[in-house]
Each structure stands twice: as C-alpha cells, then as structure tokens.
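Residue-level listing of the chains:
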Number of protein chains: 2
Amino acid sequence: VEKATQQHIKELNRNLVLKILFERSTTSRAEIARISNLTRTTVSDIIAGLIEEGLVSEIGTGSSMGGKSPILLRLEPDSRHMISLNLGQNEFMGAVVNLRGEIREMTTRPVEGRDGEKALKTVCAVIDELIRKTERPLVGISLGTPGLVNTREGIVINSVNMDWRNFPLGPRLRERFSMPVFVLNDCQAAAMGEYKYQGDEQHTPNMIVVMAGHGIGAGIIINGEIFQGDGGYAGEIGHIVTVRENGLLCRCGNRGCLETVASARAVIQSAESQAMVTPESVLNKQVGRITLEVLEKAFDAGDDLARQIIIHAGHALGEAVASLAGGLNIDKVILTGMMTRFGQNYLEAVQEKAGKNILPRLRQEISVELGHHRDNEIILGASAYLASDYSLLLKPVGARNNLWEKEIWQGNSL
Amino acid sequence: VEKATQQHIKELNRNLVLKILFERSTTSRAEIARISNLTRTTVSDIIAGLIEEGLVSEIGTGSSMGGKSPILLRLEPDSRHMISLNLGQNEFMGAVVNLRGEIREMTTRPVEGRDGEKALKTVCAVIDELIRKTERPLVGISLGTPGLVNTREGIVINSVNMDWRNFPLGPRLRERFSMPVFVLNDCQAAAMGEYKYQGDEQHTPNMIVVMAGHGIGAGIIINGEIFQGDGGYAGEIGHIVTVRENGLLCRCGNRGCLETVASARAVIQSAESQAMVTPESVLNKQVGRITLEVLEKAFDAGDDLARQIIIHAGHALGEAVASLAGGLNIDKVILTGMMTRFGQNYLEAVQEKAGKNILPRLRQEISVELGHHRDNEIILGASAYLASDYSLLLKPVGARNNLWEKEIWQGNSL
C-alpha cells in the first residue's frame, strides 16, 4: 500500500528527472520539462538541488532553437562511486564503478578452499582496498555470487563454491562497513549488467541472460527489473531442464540435468572420458589434463571430438533457451559465461535448437547473441542494481572520511 | 515517463481507496485512513465521490472501539456490471459479472465450423443478449479466446478453432458496442480468474495456471498481473517443451511437443490406437468412438490402459510444470482445463514429476493444485482484468440506454 503525499510526489518527480538525466549524455532544463511534463519551475528547483548535491553539472550552452541558448546539463559520472564484487569460483574480483558503469579501479584476490569465514575476510579485504582507492562519496556495496541468494535479506542460502549456508553476507558487511549492501545471484547480476549497458540499441522491457560456466543459470529481466521469483531462485535452469532421460548423475542428485551436458565441467568430463577411446583426436594425448583451454585449442584446430562435444553442449543449452524464452515469450536472449569462448560455432549450435524447439510463429522473433561485457557484466550489473535506487544517490556515505571515523570507532587497523 | 501532477495524485489516492474497498467486505473511513496513511479529510472526500457514483454505500454502524461507532462502508457489488465471454472450442459462453466476480446472467451458443465472420456474429449476438439482460451501468466487454492474442491492440493473431488471423476482434467490437473491449488469451484469462478469486488464502504475488484441454497453455501472473511477454504469447508451453525426442508429429510441425502427449486430443488419439491392440481393455470395444467421457469412465473403473495413458499424460505435464515453475521460481501452480476431470490420481501424477524434476531445495516449496473455478475461470479472469482498470469504473457506459441510442444511430434491430 503506497501513500501519495507531497513528500512522495517530490521524490517521484526527482526520480523522473534523474531517470531522464541517466538516459541521456546531455540534456537541458527545457528538454526535461518537455519530456516529464513537469513545470519549468519544478524542474529548475529539482536541478538546483541535484547541482548542490554534485550529481549534476552545467557544461556550457547548446545550440539555440530560435530563443535563448539552453544551458546543457549532465549527470556527473564520478560524483558517486560504487563498490561492486564478483565472487567467482576461483577468485574474487572487485571494482570501483561510477554512475555511468565505468570501472575506475579493479582488484582481484585468489580464493582457496571452501572456508566460509576465510572467504568473508577476503571479501572484506577487497572492499577495504577499493574504499581506500576512491575519495568520492560512496553509494554502497553490491555483490554477485554463485548459488541461491535471498536478495531481500542479503542471505546466501547455499553457495556453490564455499561453505556459506544461510549465511548473512549482507548484514555482516553492512555492520562492518556501515553502508548499504546488496547481495545478488551472479546470473541475476549479469542479466542486469547486460540489460543496462546494451549500448545504443533500442531497449526492450524484457531480456534473458544465460550464463554457461562451471554451472548454468539465467537471469530474467522483466519490465527492466530482475525477476527473482518467490524465493529469489528464478533462472536456476541448470538443474531443472531434464534434457536427457537416463542421463548422467548430477551433483544435485537428479539425472540428466542441463548442467551434466552443457556446463564447462560437463564438457571437460566428457572430453576426458571420450578422448581415451578416440586415438585420432588431438585430445587423446592430453587425457588426465584436459582443461577448457586445451579443449578450446582443439576445437579451434577443428578436432572432430572437441567439436562434437561442444556442439552437443550448445544444442542442449539451445533446448533450454527455447523452453525458457519460448515459455515467457521473451525475444532477446544473451549468452555469457566461460562457454562463450567457443565463439560463433558454439553460438550457432545454441541458436539452431533455440530456433527449432519453439512455436513456428515465434521463431523469427527470438534472437540469441553473445554478451557484450564478458568478464565484467556481474560487476556492472551489481552496481547498476545499486544505482537504480535513486534515494541512495542522495544519501551517500563519505568515502575516505567514513573509513577514518570507523577506524577510530571500531579500533580496526585498516 | 510518468507525470506526477495534482490530478495524478488524486487518481492515485482514489485508486488506493478503491483497492482497500475491493480487498475487504466492509470497512470504514477510519480504517481506510489508517491503512492508506491518507488524511481523514482526503478519505472522506474520496468516499463522498464514490458514494455519489454509486460505487460505495454506507451499510450501518460497526462496533465501537471506545469512541463513536464507525459507519461501515462497502463496495456495491452490482453498481457496475461487466460482459465477459469465453470463446471455447465448441461453444461461446458469455456472462454478466458484477464487481465481486458473481455471475448474474449467463448464456451459451454453439459454434459450428471455422467461418470467422460467422463467429464474430455469434459473439455479437451473445453480447447483445447479455446487454439486454442488465440495467446496470457497464464497465465494458472482455473476452478470453484460445490462440495467440495481441492484447494491447485487441487483435487475434492466430485462433486455434476458427479462421481468425490477425483479426481485429477488439476494434470491431469496440466500434459495434461503443465501449471498452479487452481481448485476452484464454489461459492468461484463466490465470487472472484463479489468481483474483482464490478465496481467503494468503495471496502470493506470483502464480502459474496451467490449462490442459484440447491444447495446453499456461497463464503467468507476476506481481499480481498477467505477464504477456514481448508479443503477448507468454505461457504458450504446449509447443515448446519437447518432452520426447522423436515423438509424435504435432499440428505445429514439430515432433514430440507437450501437446502430443498431454492434451485431451492426445490422450484420445493414444487410447484409440492402443485400445485396438489391447483386447483386455474395456476401451477395446469402443474403438472408433472414444471420447474424453468414455476415457474417464474407463479410468474411474480402473481400466489399466486408460490409467496408463492418463498417468503418462500427467507425468509429461508435470515435467513441463517443473521446467516453467522451477525456472521462474514460482511456487503456486494451479491446474485447470478438461484434463482435470481425471481428478486426484491425475493431479498426483503431475505433482510427482513437478516435484522430482526440480532442484531439491525448491521441491518442498512448490505446490500444484486443481483450480477452484472449473468452467468459469476464463470469464472471471477476463472480467477481473476489466475491473482492475479503476478508471473505467468511474466512466461506465449506460447499459440499456446506450443500446437504445445505438439502435437509433446505427439503425440496428437488436
């Protein structure tokens, strides 16, 4: 139940103005008034407030349309910074991101073992390092992690790569850093990243981003927002779509899950076992030490076995895409994750099945493309999720300052 | 881009009050003010307007909580009527529905052949008859039809049972009856019906309603609204989920679609061909004239063949449910359509696979139940869709009056 008060209206209007500023590289008060239908006075008041906050600046005059030349306005990309992390399988990657999704600083730390508290320490070390690297006011911290996440409460229900079970990652970090913290599933974060930073193309309201790596998952964007489902697990397609009856046993306990055929782990396993009995394959000599890199080299060199395994994985993924994108009637599908290193031939295998296992009427509409941000889409998506809460932009946390205060207060040595 | 003006706020506040009135059988100005956070004066002004419109009435005083006894208010169920139609396979069913989803009048007409213009005439005849049967102000007309529908423009892209291709059903009816007309896909309408009229249970924001009849489709409710997808085809799962490789040829041109295993048409076909070679089945003597009724009788009598066919259909549907509900992480699934006549045993077959082909973590959460409104959910859903546009409630069309005017104007004999 939403209340419509004067305060609420002021916020709605300000958010509308911010939205217009975010969507354009430059604009003017007159243009904002025209697009928003707000009065010139209201727009001027809001802009004055945003300039005072440092979020907007005047950058000269534009070309006149007959009357007075308009003063050009733009959102100040570096007026706020965000800390975003991608808690990957083997390493944690962190970045300082500005309001335009530009990465200003970056750092990575390797992760060894599955110790949950140790992993939390590494997360904190990454954040500390990044906070030290920026002097801008901070909006907050956002993280993308594999596994099941309760985003509302910031709890990692079940992490794939470390011992986090019902782990209050968000609350713990909020307490430690005294700023807003958001925890997202990595696929959902990647979807947000690909959605928000599509380049100049026309934005459709809906999008599916399928991430095929060690595991397989998807992020579903509905009406411009991440759809998380009842428990936050929307897009967990890796263990749902049973592509083959009597298929391989999956780590989840079922048989023939999509992950047993189409994940990076699956193709390596398949290569290991088949290469042994395929002397004509270049992989035969590498049995025991086949990695994704080795497989890629063989694939690029035209090795039949490598090709067959990868195309098979692509077909299986294509069937899952057909099922999800077809069932939701979402036309735009983006493919990302480690498996995309197999490039155009792999993409075409996915496209082939995604286009075939679908109602004929819908075939011509669906498009499957490779992602635009390869290694950064999780970080970009997590920060975009943070920036989309405009109220946080107006209540930033002093960066360096804040740390000093905390240091004194908590007695931490940072 | 949304404008927040005084007028807009007035509308938001009024809609908020209407929402509270719709959700409660009785309430009071004080309760509305408490729930909405609106001032008593604002609430009183809005209620005065709604009473004047006839939408709300005072129905006595409630029990006092210490102070003055509050005047009880309620939404007047029959202050507005809606015309809703279910354009079924063999007959068109139409009803006059009130604001509480109570059916006040009902009529059906058989449909023969596939002639599109003839079908339109039948639709108009049903509407004419229903308009004549009510004297209440009308909100508009809403229809649920099988096939692909562009709801925004009211165009039937592709009807399953008649020759409507890119047929402007909405615009044609709007012109003929001079009132708002909404055209929905039948599964999407059914989903809305089951969602809006769940009884007293806690409302979850999301729900999937799977309709298994001649064809198979689903309606997906996200955040309380029908999710239609990019083209309006969301939920068209009948031809997407390939349950069996090298399966039967489907009318869509693919092989092994869900409809070739789990639809009413499929189980009848399967019974016909298998009964021929199964002398021990009671169906053997009925070859050539097996209907769903015949199959139901055999199933209820414990005939092995009938049982095997129906359970097989239930399993296939369960796999599709697992894929859709699991991929979206939507826990509440409602089963409806002709196939539900096979009752509890059929439901359990669906539940079995829906619970198995899913990530273990999510199994305990998912619930598959039979629908509550059997034959009426499409009509109820279509009318609920109409009533959810509160602005239409305040701009109703005179019923009988309007007809008379049209009669003179168009020279129609009604």
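Placed above this text is the structure.
Bear in mind that the values here come from a model prediction, so they are computed numbers and not experimental data.

A. Here's a closer look at the packing of helix α10 (residues 304-328) of chain B against helix α11 (residues 343-356) of chain B. All names here are of chain B. Running from N to C, α10 and α11 point in directions that differ by 40 degrees, and their axes come no closer than 7 Å. Judged on the interaxial angle alone, α11 and α10 are oblique. When you trace α10 past α11, the crossing you get is right-handed. Along its contact with α10, which presents Arg307, Ile310, Ile311, Ala313, Gly314, His315, Leu317, Gly318, Glu319, Val321 and Ala322, the element α11 presents Asn345, Tyr346, Ala349, Val350, Glu352, Lys353 and Ala354. Residue classes in the contact of α10 with α11 are distributed as 10 nonpolar, four polar and four charged.

B. Fine view of the sheet that holds strand β3 (residues 81-87) of chain B. All names here are of chain B. The sheet built from five strands is open, its strands ordered β5-β4-β3-β6-β10 with mixed pairing. Here the strands that pair on one side only, and so sit at the sheet edges, are β5 (103-110) and β10 (181-185). Strand-to-strand twist of the sheet, defined as the mean angle between neighbouring strand axes without regard to direction, takes the value 15 degrees. When strand β6 (residues 138-145) meets β10, the two strands line up parallel, connected through five bridges. Bridge assignment links Gly144 to a residue of β10, and that residue is Leu184. With respect to the sheet, helix α5 (residues 169-177) is in contact with β3, β6 and β10, its orientation differing from that of β10 by roughly 155 degrees. The sheet contacts of helix α13 (residues 377-387) involve β3, β4 (91-98), β5, β6 and β10, and relative to β3 the element is tilted by about 135 degrees.

C. Spotlight on helix α13 (residues 377-387) of chain A. Counting buried positions along α13(A) yields 10 of 11 residues, so the element is predominantly enclosed. Taken as a whole, α13(A) has its buried residues at Glu377(A), Ile378(A), Ile379(A), Leu380(A), Gly381(A), Ala382(A), Ser383(A), Ala384(A), Leu386(A) and Ala387(A).

D. Focus on the pairing of strand β14 (residues 332-336) of chain A. All names here are of chain A. With five of five residues buried, β14 lies mostly within the body of the structure. Neither face of β14 is open: one carries Lys332, Ile334 and Thr336, the other Val333 and Leu335, and all of them are buried. Bridging between strand β11 (residues 207-212) and β14 involves four bridges; their strand directions are parallel. Within the sheet, the bridge partner assigned to Ile208 lies in β14 and is Val333. For β14 and strand β15 (residues 367-370), the ladder comprises four bridges, and the chain directions are parallel. Its bridge partner being in β15, Val333 is matched across the sheet by Val368.

How each quantity is defined
Residues numbered from 1 in each chain as written. Chains lettered and ligands numbered in written order. Predicted model: local features only at pLDDT ≥ 70, side-chain atom pairs only at ≥ 80, totals over all residues. Heavy atoms only, no water. Axes fitted to C-alpha atoms, helices over the stretch in contact; angles between N-to-C directions. Helix = DSSP H or I, 4+ residues; strand = E, 2+ residues; numbered from the N terminus. Parallel < 35°, antiparallel > 145°, perpendicular 65-115°, else oblique. Left-handed = near helix turned anticlockwise from the far one by under 90°. Contact = heavy atoms within 4.5 Å. Nonpolar A, V, L, I, M, F, W, Y, C, P; charged D, E, K, R; others polar. Pairing = 2+ DSSP bridges. Buried < 20%, exposed > 50% of the residue type's maximum accessible area, 1.4 Å probe, protein only.

Shape descriptors only; they carry no functional weight alone.
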